[in-house]
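Report on the structure
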Amino acid sequence: MNFPQNLKYTNEHEWIRVEGDIAYVGITDYAQEQLGDIVFVDIPTVGETLEAGETFGTIEVVKTISDLFLPVAGEVMEQNEALEENPELVNKDPYGEGWLIKVKPTDLKAVEDLLDAEAYKAVVNG
């Protein structure tokens, strides 16, 4: 199980990585492993400003559809277009090519309040 130290995490198994004033958001290695083979990613919120914890899209696997929750408030700037034809990138590389959205956080400091790798590992391992 992979828990990159340079990311912040949520209890809902999303990760966030800030680059300048934009942040990348995806699901964790643990989440993709629990979900299984991802067959579709639906992110209808591009261009919208959402609050932390709001649903920004869904991820579909063979057996179920799961909501995706925004880690911090901000504007959804872009979705990962590569996932339209290759949703399995989320399974293969959840922290790299399998990112889901780019968001412009309303408050970058809010990212610091999220879980670090050790705290997230404790959530996963219970």
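- The name an unreviewed UniProt entry gives the protein is Glycine cleavage system H protein, with Bacteroides xylanisolvens CL03T12C04 as the organism.
- Its UniProt record gives the protein a comment under Sequence similarities (unreviewed entry), which states: "Belongs to the GcvH family."
- The Function (unreviewed entry) field of the UniProt record for the protein holds the comment "The glycine cleavage system catalyzes the degradation of glycine. The H protein shuttles the methylamine group of glycine from the P protein to the T protein."

A word on the overall build of the protein
- The helix and strand inventory of the protein stands at 5 helices and 9 strands.
- The C-alpha radius of gyration of the protein comes to 13 Å, within 12% of the 14 Å expected for a compact globule of 126 residues.
- With the C-alpha coordinates of the protein rotated into their principal frame, the extents come out at 35 × 35 × 20 Å.
- Across the protein, the fraction of contacts at a sequence separation of at least 24, relative to all contacts at a separation of at least 6, is 60%.
- Carbon and sulfur atoms make up 45% of the accessible area of the protein, which amounts to about 6500 Å² in all.
- Taking the average place of the 8 positive charges on the side chains of the protein and the average place of its 26 negative ones, the gap between the two points comes to 6 Å.

Side note on the environment of Lys-104
- In this fold, Lys-104 is placed in strand S9 (residues 101-105).
- Given the relative accessible area of 38%, Lys-104 is considered partly exposed.
- Counting along the chain gives 55 residues from Lys-104 to Thr-49, while the straight-line C-alpha distance between them is 8.9 Å.
- In this structure Lys-104 touches Asp-21, Ile-22, Ala-73, Gly-74, Glu-75 and Met-77, once residues within four positions along its chain are discounted.
- Side chain to side chain, Lys-104 and Asp-21 meet in a polar contact 3.4 Å long.

Quick notes on the rules
Residues numbered from 1 in each chain as written. Predicted model: local features only at pLDDT ≥ 70, side-chain atom pairs only at ≥ 80, totals over all residues. Heavy atoms only, no water. UniProt positions renumbered as here; feature names shortened; annotations may be inferred. Helix = DSSP H or I, 4+ residues; strand = E, 2+ residues; numbered from the N terminus. Rg over C-alpha atoms; globule rule 2.2 N^0.38 Å. Contact = heavy atoms within 4.5 Å. Areas by Shrake-Rupley, 256 points an atom, 1.4 Å probe, with all protein chains shown as cover. Lys, Arg positive; Asp, Glu negative; His and termini not counted. Charge placed at Lys NZ, Arg CZ, Asp CG, Glu CD. Buried < 20%, exposed > 50% of the residue type's maximum accessible area, 1.4 Å probe, protein only. Polar contact = N/O pair within 3.5 Å; in protein donor to acceptor, adjacent residues only side chain to side chain.

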